[in-house]
Amino acid sequence: AQTVTQSQPEMSVQEAETVTLSCTYDTSESDYYLFWYKQPPSRQMILVIRQEAYKQQNATENRFSVNFQKAAKSFSLKISDSQLGDAAMYFCAYRSSGGGADGLTFGKGTHLIIQP
Amino acid sequence: DSGVTQTPKHLITATGQRVTLRCSPRSGDLSVYWYQQSLDQGLQFLIQYYNGEERAKGNILERFSAQQFPDLHSELNLSSLELGDSALYFCASSVVGSSGNTIYFGEGSWLTVV
C-alpha cells in the first residue's frame, strides 16, 4: 500500500516570503499522480496543484509550484509571495494510475501560518 | 464553489442511531468518492462509485454503506453510530474513473454523535 508522509506538522512564514512544504511518498508503482490540497478554516478541500509522475516538468500554478523528485519520491510545494489567505492546512495526496479504481491517499497535513 | 453539493452540512445524533448523508456530484461527473476526516485518523478514503457501480473500497466499516443512484447522486448510510464516528464526511467527484482526472470535494457534512 502507498503511504504519504508530511514531516512538518506546522510551518510559519512572514507575509510576502516564500515557504516550502515537504512531502514524501512510498510506492512501487511507476505511474501515478500527486496532488496538493488546501483546507482553510472553512474545511473546504481545495485543489492547489497536481503532477503526473510521467512528466519531468514540475507543475506550476501562479504562486504555487512543486519540486517533483521521482527517484527520491519527494513532492514539495513552494508558495511564493505568501499571502494571508494562504493560511490553511495543506495535504499532499497520492493516487495510483491503476484505472481509477481507487481513491486518494493523504498525508497527515501541514498547518501553514502566515505572519503579517 | 467546487460544484459538489452535500447535505446536511451539520448533523447531531445519538449513539445507536442511523443517518444518511447525501451528495450531488458536479454536472457530468460519473465518479463519486466518500472520505472521512477525523482528528485521530486523518483523511481516509471510504468508497468509490462509478456510474452506479461500486468501484473501490477503502477503510469503510461494515456499519456503513453507500450507493449511487441513476441520476448519479450518492448517499452514505451510517448505522449503529458510535461516538468515534463523529467526523467530517466529504463527498468528492471526478469526470471519469481515470486516475488523472482531478477529484473535486464538496464542503463536507459534519457529523456529531452524542
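Going by the structure above, here's the rest.
Residues numbered from 1 in each chain as written. Chains lettered and ligands numbered in written order. Predicted model: local features only at pLDDT ≥ 70, side-chain atom pairs only at ≥ 80, totals over all residues. Heavy atoms only, no water.

A. Broad picture of the packing of aromatic side chains. Under the defined criterion, the tally for this structure stands at 15 aromatic pairs over all chains. Relative to Tyr94(A), the ring of Tyr25(A) lies with its centre 6.1 Å away and its plane at 40°, an arrangement referred to as tilted. Of the two residues, Tyr25(A) is situated in strand 4 (residues 24-26) and Tyr94(A) in strand 10 (residues 88-96); the sequence distance between them amounts to 69 residues. Like Tyr25(A), the residue Tyr94(A) is buried in the burial classification. Aromatic pair Phe106(A) and Phe105(B): ring centres 6.2 Å apart, planes at 65°, arrangement edge-to-face. Within this pair, whereas Phe106(A) is found in strand 11 (residues 105-106), its partner Phe105(B) is found in strand 10 (residues 104-105), the two belonging to separate chains. This pair shows no difference in class: Phe106(A) is buried, exactly as Phe105(B) is. Its end group placed over the ring of Tyr50(B), Arg55(B) keeps NZ or CZ at 5.1 Å from the ring centre. (Phe/Tyr/Trp six-rings, centres within 6.5 Å; stacked < 30°, edge-to-face > 60°. Helix = DSSP H or I, 4+ residues; strand = E, 2+ residues; numbered from the N terminus. Buried < 20%, exposed > 50% of the residue type's maximum accessible area, 1.4 Å probe, protein only. Lys NZ or Arg CZ within 6 Å of the ring centre and 35° of its normal.)

B. How the structure looks around the state of the cysteines. Residue and element names in this part refer to chain A. As enumerated under the stated definition, the model contains two disulfides over all chains in all. Disulfide pairing is shown between Cys-23 and Cys-92; the S-S distance is 2.0 Å. Judged by the sign of its S-S torsion, about -70°, the bond between Cys-23 and Cys-92 is left-handed. Note that Cys-23 is positioned in the loop between strand 3 (19-21) and strand 4 and Cys-92 in strand 10, a separation of 69 residues in sequence. (Disulfide = S-S within 2.5 Å.)

C. Summary view of the pattern of salt bridges. Taken as a whole and assessed by the stated rule, the structure comprises eight salt bridges over all chains. Arg50(A) is the salt-bridge partner of Glu52(A), the closest N and O atoms lying 2.9 Å from each other. The exposure class assigned to Arg50(A) is partly exposed, which follows from its relative accessible area of 25%. Note that Asp29(B) is salt-bridged to Arg26(B), the shortest N-O span being 2.8 Å. Of the residues examined, Asp29(B) reaches a relative accessible area of 1% and is grouped as buried. (Salt bridge = Lys/Arg side-chain N within 4 Å of Asp/Glu carboxyl O.)

D. Seen up close, the environment of Gln56(A). Tracing the sequence through the fold places Gln56(A) in the loop between strand 6 (46-52) and strand 7 (60-61). On a C-alpha basis, the gap between Gln56(A) and Gln39(A) in space is 27 Å, while along the polypeptide they are 17 residues apart.

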